[in-house]
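# Fold and contact review
The chain contents come next:
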Amino acid sequence: MQFSNISKIAVVLVSLALLIAVPWIASDYFVMMCIRVMYFGMLTLSLCFLAGELGVVSLMQASFFGISGYFIAIMQTRYQIPFPIPPLVGIGVAVLFAALTGLLVIRARGIYFLMLTLVLGQLVWALASQWASVTRGDSGITDIFAPVIFGISTEKSKGAFYLFELFFFCAVIYFLAALKRSPFGLMLRGIRDSESRMAMLGYPVSLLRYMAFIFAAFVASIGGVFFAYFTGLINPHSVSLTTNVETLLSGILGGIQTLFGAILGTAILKILDLVLSGITQRYLLIMGVLFLITIMFAPRGAAGALKRLWDGFASRTLGSGSPAGGVSDDPFYEDTK
Amino acid sequence: MKRKSWIIAITVILFFIGAIAGNAMALDEIRIGTIGPTTGWATIFGQGCLDGIKLALGEYNNEFNGIPIKVFSEDTKADVEVMRTKLDSLKNRDKVHLIIGPSLGHEGMAAVDWGARNPEVPMLIGYSAPEDITMRKATNSVIRPGWTGAQVIFNFGQYSAKDLGYKKVIIVGQDYSYPWDQAAGFIRGFLENGGEKVERIWHPVEAVDFSSIMAKLIAMSKEYDAVLNNSGGAQVVAFFKQWKQFGLDKVYPQILGQANVPIVSMLSELGDSAMGVYSSLHYYDGNPSGANKKFRESFKKKYGTYPDVIAVQGYDAVHVAFKAMKAINGQVDDSKKFIAALRQVKMSADESPRGPFYFDKFANPVQNIYIKKVVKKEGRLMNEAVKTYTEVSQFGPYADMADKYMAAPATTRDYPPGDKASYFMEIEKHFGKDYVEKLKKNNGWVD
Amino acid sequence: MSLLVIMSLLNGLTLAALLFITASGLTLSFSLMRVVNLTHGALYMAGGFIGVSVIKVTGSWLLALLAGGSVMAILALLEEKFLLRWARGNDLIETLISLSVAIIIGDLVLVIWGGYPKSIEIPAMLNGVLTIPLINLVYPIFRIFMLGLSVLIIVALWLFLKKTNLGVTIRAGVDNFEMVSALGINVRRLFTVVFCLSGFLAGVAGVVGGTSMMLVVGEDWRILTLTLIVIIIGGMGSLGGTIVGALITGLIYSFATAYIPEFSLFILFLPVAIILSIRPHGLFGAKA
C-alpha cells in the first residue's frame, strides 16, 4: 500500500522481462537449475498453500506430483498418445485422486492430517514400487520426451523448455495469489483462524477445505508434468517419503506461509544440494540441523508462520483438553504478537 | 508491502549475478567426474566405487604424462532426478572429460538415457547391472567395464543343473528388475541344461520379516531341491538369519545365492551361516592372481578393510581410462577419439583383479565367470572358484544370436516361464527350432 | 497347506509383538503430549545399533537389550528437555522438530556404524527351534520369546499405569490435562518420564528387531511407517487400540507375504484407508 502501484507494476514487469531473458543471457547450466527450481517450486507451492490457508502440513503432495508424471510416462511410452493428451489426463487423474483422498483427510486436523497424509503418500509409493507391470517397479519408466510446441522441440532446446515452463509457473503463481485474495481465500483464512465461528456463520466449512485441498493437488500435478518431461524419467523415488520431507523442508526454509517463501526455499535447498555435494558427505546431517534451527529460531520465516496458523488450531482445541494451553512456554509467543 | 518488494528485487539481482558468473575453465588438466550415491542408505555402493577409483588414481600419482588429474565427486542420493542434475553439473559446470559411475541399477538406466542425449561425454558405468544399458538402450558414449545381471548367472544355472544335479529350484528375491534379470539368466541356464522347474517368490524390496516366506519354503520342501536367494544387501542378512532361525538349513542343502549375495562385505555379517554358499560372479576375492593380490592388499592398506566387487568396478574403470588415454596420447579433448579408444581397450589378467576382459560391440565386457563357493581360509570366510567359464559375453550362450535375444520379450517378474514345457515353447518361438534341437542333441550347452 | 496357515498365523502374531513394543512407546507419548514423535523410528534403529556394539564388547544379549533401551531413553530425555520443551504447546512444531532430529540421528548412525547391514546374534539360550510333533510344526524359539516379551511389556505397562502413583497421574493427565496441572502436579516431570519410557521401548524394540531380523540405515523410516499404521488403525493414544492395531497389521503383513507377496505393501496400507474412512480417529481413538 505504501509502495505505489506504478512502481509495483514496474518491479513485476522488470522481473518478468529478466526472467524471460534468462535463456539468452545465462548458461545452459543456470537455465537447467531454474527449470528444476520451478517444477519443485510448484510442488512446494502446493504444500505452502495448504499450510498457509488451511493450517495443515501435508506429506502427500508429491503423490499428486508423481501421479501426473506417471500417467504421462505410461501413456507416452506404452500407448504413444500424442502430446496435449497425456499431461491433461495426468493432471486430471491427479485431481481426481485428490478428490478421493480429500474425502478421507479433510476431516483431520493438525498432526492427524500430517500422519494421515503420510500414510496415504506411502500407499501411493507402495503402488508405484510394487505394481511393476504398470509402473516398472523400482527401476521406473524412462524415455519420456518433452513435446514440440509451436514447431520448437522443447526436448532439444533447454531455453524453449524454460520458457514453456515459465509460462505455466507464472500462471500457477498468479492463480494461487488470486485465490488467496479472493473471497474464497478470505473464507479459508477465516476457517483457519476460527472454524467454529465460520461454521456458525453458515459457511460450508468442510466443502471449502476440500476445495482448497484439490486446488493444491492441481498445482502439484502441474509441477509433475514438467518434472517428467524434463528429466525424461519417473520412478518411485518421486513419490517417496524422502521427496515429501524435502518438500516440507523447502517450505520451512523459505517460510511456509507465503508463495514467495515456497519458491525461495526450493531454490535455497536445490542450490545447497549442489554446493554441499562436492564438499561433504554429511548432506543429511547439515539439512537436519538447518531444518531444526529454522524451526526453532526463525520466527519470521517458518516458525512465525506456523505459530500464526497454529494459533487458530490451538485456540480451537483449548477447551477440549489439549495441552496447547501452555502458550506461555512458547518462545514465539512474544515475537508474533 | 514495500519490504517485500525490496526482497524480491534483491533476489532478482542476485539471481542475475549468479546467471552471468561462472564458466571459468582451466586448461592443462584432465577432469574426471565420479557419480554415485555417497549419502543415505545406498552409501556403500557409491563410496565403494569411489574408493576403487581413488585407489587406482593413486597408483598413477593422480597424473597422466605429467598432466594433473582432477576428480569431481558428485552424490546422487540414490535419486535419479538428482543424478541427472549432477550429470549436467559435471558436464556444463566442471567440463569433465570423463564420467565414472553410477552404481545402482535404476541410476544406470537413467545414466544411459542421459548419455544418449549427451553423446559428447564419455561415461564408464560403475556397478550398475541392467542389461539394457549395453543392449537395447546401448549408446556409443556409454561403456560399461562392469557386468550385467544375467551375464554372470547363465552359467550358474547350468552348473546347478549339471554339476549340482538339482531338478527343481525356488528363487526368493526382491521384486525389481535386477533380481528379475538374475532369475531369468538362471532359469535359462538351468532349464536348458536339464533342470525341470523354477518357482519364483518375489517380496517387497525393503521386506525384513521373512517368516512367512520361510513357512512357505518349509511347505514346499517336499517338491523342491534347493533355494536360491536373490536379494541384495540388508535383505540377504535378514534372509540368512531367518533361514537359520527356522531351521531351514536342515531341510534344504546349502543355499544358492545370486551374484552379490556372498560378497566380501556381506560375509563378515553373515558369519558361518554363509559357509558353503554357491554363487557366481565375474570377480572372486580368493583369486590368487598377482593383480588381485596387489589390489586387495593396497586397498586394505589405504582403507583398512578388504575390498568388494563394487570397488573393483571403480578400480578397473580408471585403468581402462588410462589405457585408452595412452592409446590416444592424452587427447581427451577429442571425445570421439577418446570414446573409440575406450571401447577398444583390452585388459589382461595382470591388469585387472577380475582377470582378462575386452568389450563386445555394445561395450560390455566379455569376461570370465566364476562359480564360487564360500570357504574358510586363514580364519576368514572367502569365495573360492570351483569352476571358471571363460570369455562369457553379456548374451551368454546366445552370443551368436544376439539379435534374437534382444528381440525376445523383456524380462519381467514371471518371464521367462519357470517350467520346462512352457519355457521350451518360448525359446522355440524366439530362438528357433534348430536351437532347441541342438540343445536336445548336446544335452544342454556345450562348454 | 494348513501348516502354512498356522505358521502365517504365528508369524503374524510374533510380528505384531515387535510392532506393539515399538508402537506402545509412541502411543504413550502421544496420548499425554499430543506429539507424534517422528524420531521414534530413528530411536529404534539407533537402539538396535547400540545393541550391536554392546554385544560385540560384552557378549551379553541382555546387556545389549538394556543398553539399547537406556541409551535411547537418555536420547529421548535430551530431545524432550532441550528441543521439544522449547516449543511446548505447539504440537505441530514439536512434531517438525522431532522430524529434524530423526534426520540427524539417521545420518549419525551412518557415520558411526556405516552403511552395511548388521544383525545381532541370537543368544544361545533362545536359539533353535521348537518342534510340535503332532502337526509336525517347527517354530523358532526366539520368535516365541518375542511374543512373551511383548505380553510382559503389556502387563508391566498395565500395572505401571494402574497401580503406581506416577502411572495414575499419567492416566489422569491423558484424560484431563488441565485438572492435573491445576492440582499442582509437576507436569514437566510427567512429560519427561513418559518420553523417556517411550524412548526406552523404542530402543528395546530395536535390539529385538535387530536380533530377529537385521538393522541397516534407512530402517528408521520403514519402522516409523509401520508404527504409524499401527497406531492410526488402533486409534492414537489408546494402549488397547495399539494392541489391536499391531495384531491387524502383523497378521495382514504375514498373510499377504505368504499368499500374495507382490502386493503385500499395498495390502498393508489398504486397511488404513478403509478404517479411516469409517472411523477417522481409528478403531479405539477418542475424538481429540
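Residues numbered from 1 in each chain as written. Chains lettered and ligands numbered in written order. Predicted model: local features only at pLDDT ≥ 70, side-chain atom pairs only at ≥ 80, totals over all residues.

Let us now look at the overall build of chain B. Within chain B, the secondary structure is distributed over 15 helices and 15 strands. In summary, chain B has a C-alpha radius of gyration of 23 Å against a globular reference of 22 Å for 447 residues, a match within 12%. Across its three principal axes, chain B shows a C-alpha extent of roughly 75 × 60 × 50 Å. For chain B, the proportion of its 447 residues judged to be buried stands at 58%. Partitioning the intrachain contacts of chain B with sequence separation of at least 6 by distance along the chain shows that 71% fall at a separation of at least 24. (Helix = DSSP H or I, 4+ residues; strand = E, 2+ residues; numbered from the N terminus. Rg over C-alpha atoms; globule rule 2.2 N^0.38 Å. Buried ≥ 20, exposed ≤ 12 C-beta atoms within 10 Å, placed from the backbone. Contact = placed C-beta atoms within 7 Å.)

All names here are of chain B. A cis geometry characterises the amide bond from Gly-101 onward to Pro-102, with omega recorded as -10°. By the secondary structure assignment, Pro-102 is in the loop between strand S4 (98–100) and helix H4 (105–117). Omega for the peptide link from Tyr-415 to Pro-416 comes to -5°, which places this bond in the cis form. With a phi close to 50°, Lys-95 is a non-glycine residue in the positive phi region. In this structure, Lys-95 sits in the loop between helix H3 (80–93) and S4. For Glu-391, which is not a glycine, the phi torsion comes out positive at approximately 50°. Inspection of the secondary structure puts Glu-391 in strand S15 (residues 380–392).

Attention now goes to helix H8 (residues 183–193) of chain A. Residue and element names in this part refer to chain A. All buried positions along H8 are accounted for by Leu-188, Ile-191 and Arg-192. Buried positions in H8, seen along its axis, are confined to an arc of 100° and lie on one side of it. Exposed residues lying more than 90 degrees from the buried face of H8 are Pro-183 and Leu-186. (Arc of directions from axis to C-beta.)

Time to look at the interface of chain B and chain C. Contacts between chain B and chain C engage 28 residues on the former and 31 residues on the latter. Of all the secondary structure elements, the ones that give two or more residues to the side of chain B that touches chain C are helix H2 (43–59), strand S8 (197–203), helix H7 (211–220), helix H8 (234–245) and helix H9 (264–270) of chain B. Looking at the side of chain B that touches chain C, the element that brings in the most residues is H7 of chain B, giving six residues. Tallied by class, residues from the side of chain B that touches chain C come to 14 nonpolar, eight polar and six charged. (Nonpolar A, V, L, I, M, F, W, Y, C, P; charged D, E, K, R; others polar.)

With 21 residues, helix H10 (residues 239–259) of chain C should reach 30 Å at 1.5 Å per residue; the first-to-last C-alpha distance of 30 Å fits that figure. Counting buried residues in H10 of chain C gives 16 out of 21 residues, a clear majority hidden from the surface. (Expected span 1.5 Å × (residues − 1).)

Residues and elements named next belong to chain B. If you walk across this open sheet you meet the six strands as S2-S3-S1-S4-S5-S6, and the pairing is mixed. Lying at the two open borders of the sheet, with one neighbouring strand each, are strand S2 (63–64) and strand S6 (142–143). Relative to strand S3 (residues 67–75), strand S1 (residues 30–36) is paired through seven bridges, and the arrangement is parallel. Paired with Gly-36 across the two strands is Asp-75, which belongs to S3. With respect to the sheet, H2 is in contact with S1, S3 and S4, its orientation differing from that of S1 by roughly 155°. (Pairing = 2+ DSSP bridges. Axes fitted to C-alpha atoms, helices over the stretch in contact; angles between N-to-C directions.)

On to the packing of H8 of chain A against helix H10 (residues 205–231) of chain A, then. Working note: a packed helix pair is described by the angle between its axes plus the distance between those axes. Residue and element names in this part refer to chain A. For the pair H8 and H10, the least separation of the axes is 10 Å and the interaxial angle reads 115°. The orientation of H8 relative to H10 falls into the category roughly perpendicular. For the pair H8 and H10, the crossing hand works out as left-handed. Facing Met-187, Leu-188 and Ile-191 of H8, the residues of H10 in contact are Val-205, Leu-208, Arg-209 and Ala-212. (Parallel < 35°, antiparallel > 145°, perpendicular 65-115°, else oblique. Left-handed = near helix turned anticlockwise from the far one by under 90°.)

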